[in-house]
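Remarks on the overall topology
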Amino acid sequence: MVLREQDRQAGQWTNAMIIAFVIGIVWGSVAAFAGRWAVEGSAGTYDVRAVISEWNSKTTEGQNGPHTGYEVLAITEDGRAIELPTRDAFGLADPVVARLSSVTDRVLSVRGAARVVEAHHPWEKITAMSLGLALLVFAAVVLCRLARPGVARKALPFLAGLAFAAFVVLTPVGFGGTAYREAADPVPNFWEHRRDLWGPPPVFARGQTAVSGESAVRVLDGWPGAPSGAEAWLSGFHVLTLRIEASRLGDTALELSADEHGEPERVKDCAGAPGAFDGTTGLVCFVVPPGYRPEYLLVGKLDREVLLKLQ
């Protein structure tokens, strides 16, 4: 009978240790995630210009239906590889500006010419900070209860669980890695592929009027940088601004030629700048990849595409 009682007490003690360890893991994981989120939301940030060089997706079947996972890598202005949590928001060779936490080097948001993807929303910052504080209070209460005479040893597996969870969540070998990666593929040169498919289109000299079908476009002036009065975010990019005049343009496409650095993207209405192109005359703005040198303005599409030299 004495041995059975001792075995029963030993089993209860083992179960209590396991439960304390599991509780430590659960609350340590939540607290670590919330704490990191709060730090990223309240600490400083820095911006990095980059160009998307890899875009891969994979769809798998799950219990709740198909799920698509994305891997998007970009090359930064200083040549480093960075992973972006943008899913299918941007395409290959698109120039973007990523905002990273200065503490964790994790991506908080990514902005392109037409949209911005938030990976760290303001309301989540408040929630995470509040949750983190509540968890700290809870952990303190639990530790005080576990530290009572006779059960103080329960605090050891609880603390071990907390430490294990924090290690997995916060360290680079777990889920705490930065956005930077070892390498990424070079940025694809879509200009070469386009020329291989469609051949050389008609070319108009600089200063001439490019004619595509019924549309006619002439570049009056051009300069690097965002125009005065544009929204502040545009100044974070490398920008090329053109002043053009056109007739019968309609929905005829206007693009810049791409190169090995990436593919420029047109900014709608020059991000609110006064004097933006109104269909007849005005400013047209493009965000361009780092190192890009503009050669042509493309007018029209496919068999009606023509090039207007800019240099």
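Quick note: structure is the one above.
Computed from a predicted structure; not experimentally measured.

It is worth spelling out the overall build of the protein at this point. From N to C terminus, the protein includes four helices and 16 strands. Counted over contacts in the protein with a minimum sequence separation of 6, partners at least 24 positions apart contribute 68%. Of the accessible surface of the protein, which amounts to about 17,500 Å², a share of 57% is contributed by carbon and sulfur atoms.

Let us look at the pattern of salt bridges. Between side chains of opposite charge, a pair can form when the charged atoms approach closely. Within this structure, the stated rule accounts for six salt bridges. As a salt-bridge pair, arginine 218 and glutamate 245 come within 2.9 Å of each other at their nearest N and O atoms. Of this pair, arginine 218 sits in strand β10 (residues 215–224) while glutamate 245 is found in strand β11 (residues 238–247), placing the two residues 27 residues apart along the sequence. With a relative accessible area of 32%, glutamate 245 lands in the partly exposed category. Between lysine 301 and glutamate 255 there is a salt bridge; the shortest N-O distance is 2.7 Å. Residue lysine 301 is found in the loop between β15 (296–299) and β16 (306–309), and its partner glutamate 255 is found in strand β12 (residues 254–256); the two are separated by 46 residues along the sequence.

One non-glycine residue, arginine 248, adopts positive backbone phi at about 50 degrees. Considering the arrangement of structural elements, one finds arginine 248 in the loop between β11 and β12. Judged by its relative accessible area of 64%, arginine 248 is exposed. For cysteine 270, which is not glycine, the phi torsion reads 50 degrees and is therefore positive. Along the chain, cysteine 270 falls in the loop between β13 (265–267) and β14 (281–288). For cysteine 270, a relative accessible area of 1% gives the class buried.

Parameters at a glance
- Residues numbered from 1 in each chain as written.
- Predicted model: local features only at pLDDT ≥ 70, side-chain atom pairs only at ≥ 80, totals over all residues.
- Heavy atoms only, no water.
- Helix = DSSP H or I, 4+ residues; strand = E, 2+ residues; numbered from the N terminus.
- Contact = heavy atoms within 4.5 Å.
- Areas by Shrake-Rupley, 256 points an atom, 1.4 Å probe, with all protein chains shown as cover.
- Salt bridge = Lys/Arg side-chain N within 4 Å of Asp/Glu carboxyl O.
- Buried < 20%, exposed > 50% of the residue type's maximum accessible area, 1.4 Å probe, protein only.

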